[in-house]
Amino acid sequence: MGDPCGVGPEVVLKAVDLLTKASEPIEVILIGFRVVFEEAARAIGIPFEELKGKSANVRILDTGDFDVKKMRKRIPTAEAGRASVECILKGIELALS
């Protein structure tokens, strides 16, 4: 997901949106905060639930709580930095397992 206050969530969702239109079945696991992905989907006009297309199995590995009300888009914060690191560590953990 990257920094929840950055463009990462939007970039990820746009990529997933393109992948769900592929003819080959895929499985996508998003690591991050569901609430941030939902907010990003609204911001870019992609219906969040439609990301689970016919050829895609999209799951979110929710890494915890993130107060989206405190989120300031395009402004880095310590909380967002910690959240980003949590996602990276979870991805490393999954890769090593």
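Basis of the calculations
- Residues numbered from 1 in each chain as written.
- Predicted model: local features only at pLDDT ≥ 70, side-chain atom pairs only at ≥ 80, totals over all residues.
- Heavy atoms only, no water.
- Core = buried A, V, L, I, M, F, W, Y, C linked by side-chain atoms within 4.5 Å.
- Buried < 20%, exposed > 50% of the residue type's maximum accessible area, 1.4 Å probe, protein only.
- Helix = DSSP H or I, 4+ residues; strand = E, 2+ residues; numbered from the N terminus.
- Contact = heavy atoms within 4.5 Å.
- Expected span 1.5 Å × (residues − 1).
- Arc of directions from axis to C-beta.

## Focus: the nonpolar core
Core analysis: the biggest nonpolar cluster contains 22 residues, and Leu13, Leu30, Phe33, Phe37, Phe48 and Phe66 have the highest contact counts within it. Of all the secondary-structure elements, those providing two or more residues to this core are helix H1 (8-19), strand S1 (26-32), helix H2 (34-44), strand S2 (56-62) and helix H3 (78-96). By residue number, the principal contributor to this core is H2, which donates four residues. Excluding its chain neighbours within four sequence positions, the residues that come into contact with phenylalanine 48 are Leu13, Arg34, Phe37, Glu38, Ala41 and Ile60.

## Points about H3
If you check H3, its first and last C-alpha atoms are 27 Å apart, about what 19 residues at 1.5 Å a residue would give, namely 27 Å. The set of residues buried in H3 consists of Ala80, Ala83, Ser84 and Cys87. All buried residues of H3 lie within an arc of 100° about the axis, which places them on one face of the element. Every exposed residue of H3 that faces more than 90 degrees away from the buried side is listed here: Ala78, Arg82, Leu89 and Leu96. The inward-facing, buried residues of H3 abut S1.

Taken by themselves, the reported measurements are silent on function.
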